[in-house]
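Summary of the model geometry
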Amino acid sequence: MIHYKNHVLIYPVQLKGRNAKMKIRRKVKYYLLRLFRLHASPHQVAAGFTMGLIPSWLPTFGLGPALSVGLAKIVRVNIFSAIVGAVLGTPIWPLLFLLNYKVGSLILNRDPKIDDIEEIEYIDALQHIPDGINSIHSSGYIFLIGAAINIVISSILVYLITYFIFKQYRVRILDKIR
């Protein structure tokens, strides 16, 4: 596990010792270098990264990276940046699920049934989604409304931030990473 200020950030395969940290650090550096060295326009990279994060808002249960690649192909943007977005979005999906319930409850002016990440039953979330399509009074409907709003807002923000970083700081970041 990688900890930052007492928070677990990544659950890698159990690697032990100093070599494990070096391997993880080298892999992160390698993929960042590959991302910033892409011969694609800032638009292509930003849109691909955004497409990679979209499935993280939904209960895909392991299919997120594959869906990200599919979205990137449909929209015709950079596939590698979509994969990076999917990989970065995967560990934060419990937080994204909680935000879906919170935003959906806020928009529909209903009491949130979930107040903490530990209260989310992920299998139940998957089962509530078909109910949300059929009934506006279910928690699945709250989840879907929250997810739709969060996807739109986060996609716009992620695209703009990524585009700006690639347009303005690509060369400087590459110099620092090397």
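Residues numbered from 1 in each chain as written. Predicted model: local features only at pLDDT ≥ 70, side-chain atom pairs only at ≥ 80, totals over all residues. Heavy atoms only, no water.

Let's shift gears to the side chain of Ser68. Mapping Ser68 onto the fold places it in helix 3 (residues 64–75). Residue classification places Ser68 among the buried residues on the basis of a relative accessible area of 0%. Setting aside chain neighbours within four positions, we find Ser68 in contact with Met51, Gly52, Pro55, Ala82 and Ala86. (Helix = DSSP H or I, 4+ residues; strand = E, 2+ residues; numbered from the N terminus. Buried < 20%, exposed > 50% of the residue type's maximum accessible area, 1.4 Å probe, protein only. Contact = heavy atoms within 4.5 Å.)

Before going further, it helps to spend a moment on the packing of aromatic side chains. This structure, assessed with the given rule, holds five aromatic pairs. Consider the rings of Trp93 and Phe97, whose centres lie 5.2 Å apart with planes at 65°: the pair is edge-to-face. With Trp93 and Phe97 both in helix 5 (residues 93–108) and four residues apart, the pair spans about one turn of that helix. For Trp93, a relative accessible area of 27% translates into the label partly exposed. (Phe/Tyr/Trp six-rings, centres within 6.5 Å; stacked < 30°, edge-to-face > 60°.)

Moving on: a nonpolar patch on the surface. Among the surface-exposed residues, Val152, Ile153, Ile156, Leu157, Leu160, Ile161, Phe164, Ile165 and Tyr169 lie close enough to one another that they form a single nonpolar patch of about 820 Å² accessible area. With respect to the secondary-structure elements, Phe164 resides in helix 7 (residues 139–177). (Patch = residues over 30% accessible without salt bridge, like charges linked within 9 Å, V, L, I, M, F, W, Y side chains within 5 Å. Areas by Shrake-Rupley, 256 points an atom, 1.4 Å probe, with all protein chains shown as cover. Salt bridge = Lys/Arg side-chain N within 4 Å of Asp/Glu carboxyl O.)

All right, on to the packing of helix 2 (residues 42–53) against helix 4 (residues 79–89) then. Pairs of packed helices are described in terms of their axes, by the angle between the two and the distance that separates them. Where helix 2 meets helix 4, the closest approach of the two axes is 6 Å, and the angle between their N-to-C directions is 40°. Judged by the angle between their axes, helix 2 and helix 4 are oblique. Here helix 2 and helix 4 pass one another in a crossing that is right-handed. Seen from helix 2, the contacting residues are Gln44, Val45, Gly48, Phe49, Gly52 and Leu53; seen from helix 4, they are Ser81, Ala82, Val84, Gly85, Ala86, Leu88 and Gly89. Tallied by class, residues from the contact of helix 2 with helix 4 come to seven nonpolar, six polar and no charged. (Axes fitted to C-alpha atoms, helices over the stretch in contact; angles between N-to-C directions. Parallel < 35°, antiparallel > 145°, perpendicular 65-115°, else oblique. Left-handed = near helix turned anticlockwise from the far one by under 90°. Nonpolar A, V, L, I, M, F, W, Y, C, P; charged D, E, K, R; others polar.)

For the rest of this paragraph, the subject is the nonpolar core. Grouped together as the largest cluster of nonpolar side chains are 13 residues, with contacts concentrated most on Leu35, Leu38, Val45, Phe49, Phe80, Val84 and Phe166. Where this core is concerned, the elements lending two or more residues are helix 1 (17–36), helix 2, helix 4 and helix 7. Those residues in contact with Leu38 that lie beyond four places of it in its chain are Val45, Asn78, Phe80, Ser81 and Arg170. In this structure, Met51, Ile54, Ala82 and Leu96 belong to the second largest nonpolar core, which totals nine residues. (Core = buried A, V, L, I, M, F, W, Y, C linked by side-chain atoms within 4.5 Å.)

Summarising the element assignment, Tyr101 is placed in helix 5. A relative accessible area of 6% places Tyr101 in the buried class. Sequence-wise, Tyr101 and Phe143 are 42 residues apart; in three dimensions their C-alpha atoms are separated by 4.9 Å.

This brings us to unusual backbone geometry. Residue Arg76 is not a glycine yet carries a positive backbone phi of 60°. Inspection of the secondary structure assignment puts Arg76 in the loop between helix 3 and helix 4. Of note in the backbone geometry, Asn109 takes a positive phi value of approximately 55° without being a glycine. Structurally, the position occupied by Asn109 is in the loop between helix 5 and helix 6 (122–134). The exposure class of Asn109 is exposed, given its relative accessible area of 71%.

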